[in-house]
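Here is what each chain is made of, one letter per residue.
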Amino acid sequence: MNKLKMRKAKSIRITTSGTVIRAPERVKTATGKVMATMTIQAESDKRSPYPLKIVAFDINALELMTCQKGNKVTATGRYEWFNGYQLTGAQIVTG
């Protein structure tokens, strides 16, 4: 199995809710792609609340930039580990 298929097979898409604890910020990428990040205090009935970094690209990054600290948001994306848990390729469902 090639690496691309293996990577897609491991991808876990989730939807989670939480409160914005670190305001959104734009991040420059080496390729010039539009990207934004923010951190939420994710809430779950299965574990205690934890910080979760939200990473969005392109039009979803622009939507993410409209969120403010203290807002309740629901986001969906790929759940990954990169210097901490993060939701990559995220899309804000409600905000």
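In what follows, the structure referred to is the one given above.
Conventions adopted
Residues numbered from 1 in each chain as written. Predicted model: local features only at pLDDT ≥ 70, side-chain atom pairs only at ≥ 80, totals over all residues. Heavy atoms only, no water. Pairing = 2+ DSSP bridges. Helix = DSSP H or I, 4+ residues; strand = E, 2+ residues; numbered from the N terminus. Axes fitted to C-alpha atoms, helices over the stretch in contact; angles between N-to-C directions. Buried < 20%, exposed > 50% of the residue type's maximum accessible area, 1.4 Å probe, protein only.

(A) Geometry of the sheet that holds strand β2 (residues 34–43). In spatial order, the strands read β1-β2-β3-β5-β4; together these 5 strands close into a barrel with mixed pairing. For this sheet, the mean angle separating the axes of adjacent strands, direction not counted, is 55°. Relative to strand β3 (residues 50–57), β2 runs antiparallel, the two sharing 8 bridges. Its bridge partner being in β3, methionine 38 is matched across the sheet by isoleucine 54.

(B) Structural view of unusual backbone geometry. For aspartate 58, which is not glycine, the phi torsion reads 55° and is therefore positive. Inspection of the secondary structure puts aspartate 58 in helix α2 (residues 58–64). Despite not being glycine, asparagine 83 shows a phi value in the positive range, around 55°. For asparagine 83, the position within the fold is in the loop between β4 (72–81) and β5 (85–94). The class for asparagine 83 is exposed, based on a relative accessible area of 75%.

(C) Main features of the pairing of β2. Most of β2 sits out of view: 7 of its 10 residues are buried. Pairing of strand β1 (residues 12–28) with β2, which is carried by 9 bridges, proceeds in the antiparallel orientation. By the bridge assignment for β2, glycine 18 is matched with alanine 42. The hairpin turn running from β1 into β2, its antiparallel successor, is 5 residues long, and glycine 32 in that turn takes a positive phi close to 85°. If you look at the hairpin formed by β2 and β3, you'll find 6 residues sitting between the two strands.

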